[in-house]
Amino acid sequence: MYEEIDRSGQAKWTLPTIMGFIVIVGLLTVKLFWDPLGDPPYTNRVDVVFLIGFAPLGACLLGSLFGALRKRATRVNPDRLEFSDDVRNLDDFGEVYYEGDFRTGELGGHPVYGCGWAITLMLTVFLGFMVLFSMDVVGPVIGSIVEIILVALFYIAGYVSAFRGAPMGSKLVKDPLHHRITKYLTKCDVLRSITQCDLVSEIIVRYKIGKGQTLKVIDDIRVLAATTTEPSFEVEITIEKMENIGPEYTYYLSEGFATKNEELIHVAGKEAHLLVDEVDMNSFIRVRYDMGTLRSRWNLGTPESLCHLMHALLDEMSKYVSFTIVPKIEDSELNE
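Here's what I pulled together on the structure shown here.

Rules and cut-offs
- Residues numbered from 1 in each chain as written.
- Predicted model: local features only at pLDDT ≥ 70, side-chain atom pairs only at ≥ 80, totals over all residues.
- Heavy atoms only, no water.
- Disulfide = S-S within 2.5 Å.
- Helix = DSSP H or I, 4+ residues; strand = E, 2+ residues; numbered from the N terminus.
- Buried < 20%, exposed > 50% of the residue type's maximum accessible area, 1.4 Å probe, protein only.
- Salt bridge = Lys/Arg side-chain N within 4 Å of Asp/Glu carboxyl O.
- Core = buried A, V, L, I, M, F, W, Y, C linked by side-chain atoms within 4.5 Å.
- Contact = heavy atoms within 4.5 Å.
- Phe/Tyr/Trp six-rings, centres within 6.5 Å; stacked < 30°, edge-to-face > 60°.
- Lys NZ or Arg CZ within 6 Å of the ring centre and 35° of its normal.

## Side note on the state of the cysteines
Applying the stated criterion across every chain, the model contains 1 disulfide. Linked covalently through their sulfurs, C197 and C307 form a disulfide whose S-S length is 2.3 Å. With the S-S dihedral at roughly 55°, the linkage between C197 and C307 falls on the right-handed side. You can see C197 sitting in the loop between α7 (188-194) and β4 (200-211) and its partner C307 sitting in helix α10 (residues 303-317), a full 110 residues away along the chain. Residue C197 is classed as buried on the basis of its relative accessible area of 4%. For C307, a relative accessible area of 12% gives the class buried.

## Topic: the pattern of salt bridges
Applying the stated criterion to the full structure yields 8 salt bridges. In this structure, D85 and K208 form a salt bridge, with 2.8 Å as the shortest nitrogen-oxygen distance. Of this pair, D85 sits in strand β3 (residues 82-89) while K208 sits in strand β4; the two residues are 123 residues apart in sequence, bridging distant segments of the chain. D85 gets classed as exposed once you look at its relative accessible area, which sits at 60%. Residue classification places K208 among the partly exposed residues on the basis of a relative accessible area of 30%. The partner of R288 in a salt bridge is E248, and the shortest N-O contact between them spans 3.6 Å. Remark: E248 occurs in strand β8 (residues 248-252) and R288 occurs in strand β11 (residues 282-289); sequence separation between them is 40 residues. On the basis of relative accessibility, which here comes to 25%, the residue R288 falls in the partly exposed class.

## As for unusual backbone geometry
Negative phi values dominate among residues other than glycine, just as trans dominates among peptide bonds. Note that the residue after E230, namely P231, is joined by a cis bond; omega there is 0°. Within the secondary structure, P231 is located in the loop between β6 (229-230) and β7 (234-237). The phi torsion at K241 lies on the positive side, around 60°, for a residue other than glycine. Mapped onto the secondary structure, K241 falls in the loop between β7 and α8 (242-245). For K241, a relative accessible area of 59% gives the class exposed.

## A short note on the nonpolar core
Judged by nonpolar contacts, the single largest core of 45 residues is most densely connected at I194, I203, I237, Y249, M310 and L313. No other element matches α10, which puts 8 residues into this core. Setting aside its immediate chain neighbours within four residues, I194 contacts V200, I203, I237, Y249, L306 and M310.

## Let's talk about the packing of aromatic side chains
Enumeration over the complete set of coordinates arrives at 8 aromatic pairs. Taking the centre distance of 6.2 Å and the plane angle of 10° together, the rings of Y159 and F163 count as stacked. Of the two residues, Y159 and F163 are both situated in helix α5 (residues 140-165); the distance of 4 residues between them amounts to about one turn of the helix. Classification of Y159 by relative accessible area gives buried; the value is 17%. Clustering of aromatic rings is evident, with ring pairs tying together F50, F54, F129 and F133. Positioned above the aromatic ring of F163, the side-chain terminus of K71 is 5.4 Å from the ring centre.

Here it is, written out as structure tokens:
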């Protein structure tokens, strides 16, 4: 419909979806009418209980699979978007998705349909066994007709709810792929702890925002700590796998090349990994604690450990750049 939203990949799942519907309804019809169930009762026959009770569930799951696959085939054409750089304070970063008139509909997955899909799954089993128990009264013919209708309806219901509830397969964020921003915002407690350090004035987020006719996406998100130095520096905070590796800080040198180095250093009684290297002709300095997942995770919740590591980074930076540490002024002091 819109140039930046590419739905051409959805077409390849149309035929498999139709074939899946024909196969599952057709097989059930053949089983129930060309191979009669026999005389009741049916509740004491394991094969009939499994067939009648769980056939709607199987149909719903199969339809859901095709619906989700078709939705995941949706893509975004980045070349149709106009990207620009933007920066915000961490506290304002989450609001960037709720501003302006951009709407992306259900591209990122609609939670209402996600809940509806879960409810539909529960209904399949309930109605399937209700048909099974009622077949002793209404007879196998009427019961079989009702069962086939239920299977057809739940196949369609599973397909529709999964298609509307599943997110599209894009690496860009906002309603394509809302979880990419929550990955950053769920680290807010750690990031706010970092601001307690005397060397950190605030946490900022730099990102690229792309706008199309109706689509608004965000990419290339970087979280940085602004230092209380003169001049001020921006130290990148690693978000990926933070729970496993603990705090990690990186500073990219604006000019010149640092001597490559990799060693273990001591930071407030703890061993830390120091790496000086270059990527794409840009030198960087990186530090993180050298410890396992449990201890690394514990250090994420300890403001003192976060601050000690920041001090270690600036000590290494002082070998390559000149700066003066400016005493941090707290908000309470400003109000006096």
